[in-house]
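Residues per chain, in single letters:
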Amino acid sequence: ENGAGKSTTMKLILGMTSPDSGSISVFGHAGCSAKDREDIGVVFDELPFSQTLFVSHLGRIMKGIYQNWDQKQYEEYLQKFALPDKKELKDFSRGMKMKLAIAAAMAHHPRLLLLDEATSGLDPIVRNEILDLFQEFIQDERNSILLSTHITSDLERVADYITFLHQGRVLMSNSKDELLLSHRVLRCGLDRFAFLNQSDVLGFRKSGVGVEALVRYDSTRPHAYDGCVLDPATLEDIMLFSIKGEGRGSKM
């Protein structure tokens with residue numbers, strides 16, 4: 001959700017703010033050094049560059065910041081994303097600004113990408129192209145991406161692991177496949193719901209005709225859900241029930 005702590009987590013990793021407790025390791029050691037930042041590409045939810053720049057100006061500036069800046073690759077991204085060099089950044093749409101931020105983040109050959117809502121504001125076709133680009137990036141197993149997003153379909157497509165932040169705390173963290181395999185959306189009548197093992201129920205909603213619930217599915221007890229309808233859970237189901245359903249989050 002907005003305000004859950006996603007952007008703060010990114011800033012903590014980069015050393016832009018200090019944690020109240022705990023510790024952070026980057027590339028296997030504590031803290032984030034100037035050398036580490038050479039290997040990190042960052043996209044924030046707002047474009048951090050001067051709004052009076054042109055994209056060619058930005059390329060020259062970034063070349064002076066990153067030792068591994070690849071001007072040719074930057075220009076290839078500009079062409080791929082159809083970004084003009086005849087407009088100041090202030091005249092770019094939100095989608096154009098996000099594409100420019102992604103181009104700048106990837107043009108210095110980082111090992112880690114930190115992406116804060118990087119696909120928001122993009123139309124479905126461009127979003128699909130960006131996700132393809134991210135999947136190509138992580139084909140090299142030395143590379144990783146930390147992506148924060150509200151678009152759960154993007155996570156279902158590209159993520160290996162999911163961490164769900166709620167009110168500044170980790171509500172759940174697991175592999176995507178494990179989360180999807182171990183949860184089901186259950187529907188049944190009120191009477192039948194009363195006889196379910198409540199330790200399996202992670203959140204539910206009651207209506208006048210029955211109950212819809214998120215359950216931790218146990219394939220070794222196939223008869224535990226007799227009289228109920230079970231459907232596969234999406235990441236959106238898991239997240240919504242965890243924060244909106246009755247009894248939410250108590251066993252996650």
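Since the structure is predicted, the reported quantities are computational estimates derived from the model, not experimental observations. (Residues numbered from 1 in each chain as written. Predicted model: local features only at pLDDT ≥ 70, side-chain atom pairs only at ≥ 80, totals over all residues. Heavy atoms only, no water.)

(A) Up close: the nonpolar core. Counting 54 residues, the largest nonpolar core has Tyr-74, Leu-100 and Ile-102 as its most contacted members. Of the residues forming this core, the biggest block, nine residues, is contributed by helix H5 (residues 94–106). Among the nonpolar cores identified, the runner-up in size contains eleven residues, and Phe-204, Val-211, Val-215 and Cys-228 belong to it. (Core = buried A, V, L, I, M, F, W, Y, C linked by side-chain atoms within 4.5 Å. Buried < 20%, exposed > 50% of the residue type's maximum accessible area, 1.4 Å probe, protein only. Helix = DSSP H or I, 4+ residues; strand = E, 2+ residues; numbered from the N terminus.)

(B) Main features of the packing of aromatic side chains. Overall, the coordinates contain four aromatic pairs when judged by the stated rule. Arranged with centres 5.0 Å apart and planes meeting at 50°, the rings of Trp-69 and Tyr-74 form a pair that is tilted. With a relative accessible area of 10%, Trp-69 lands in the buried category. Classification of Tyr-74 as buried rests on a relative accessible area of 0%. (Phe/Tyr/Trp six-rings, centres within 6.5 Å; stacked < 30°, edge-to-face > 60°.)

(C) Broad picture of helix H3 (residues 55–63). Listed as buried for H3 are Val-55, Leu-58, Gly-59 and Met-62. Along the axis of H3, the buried residues cluster in a sector spanning 105°; they form a single face. Its buried side turned inward, H3 meets helix H4 (71–80) and H5. (Arc of directions from axis to C-beta. Contact = heavy atoms within 4.5 Å.)

(D) Just the pattern of salt bridges, in detail. Across all of its chains, the model carries eleven salt bridges by this definition. The salt bridge involving Asp-91 is made with Lys-90; its shortest N-O contact spans 3.7 Å. Judged by relative accessible area, which is 46%, Lys-90 ranks as partly exposed. Salt-bridge contacts for Asp-218 lead to Arg-221; the nearest nitrogen and oxygen are separated by 3.1 Å. Overall, the relative accessible area of 28% leaves Arg-221 in the partly exposed class. Each of Arg-187, Arg-205, Glu-212 and Asp-231 takes part in salt bridges that share partners, so that together they form one network. (Salt bridge = Lys/Arg side-chain N within 4 Å of Asp/Glu carboxyl O.)

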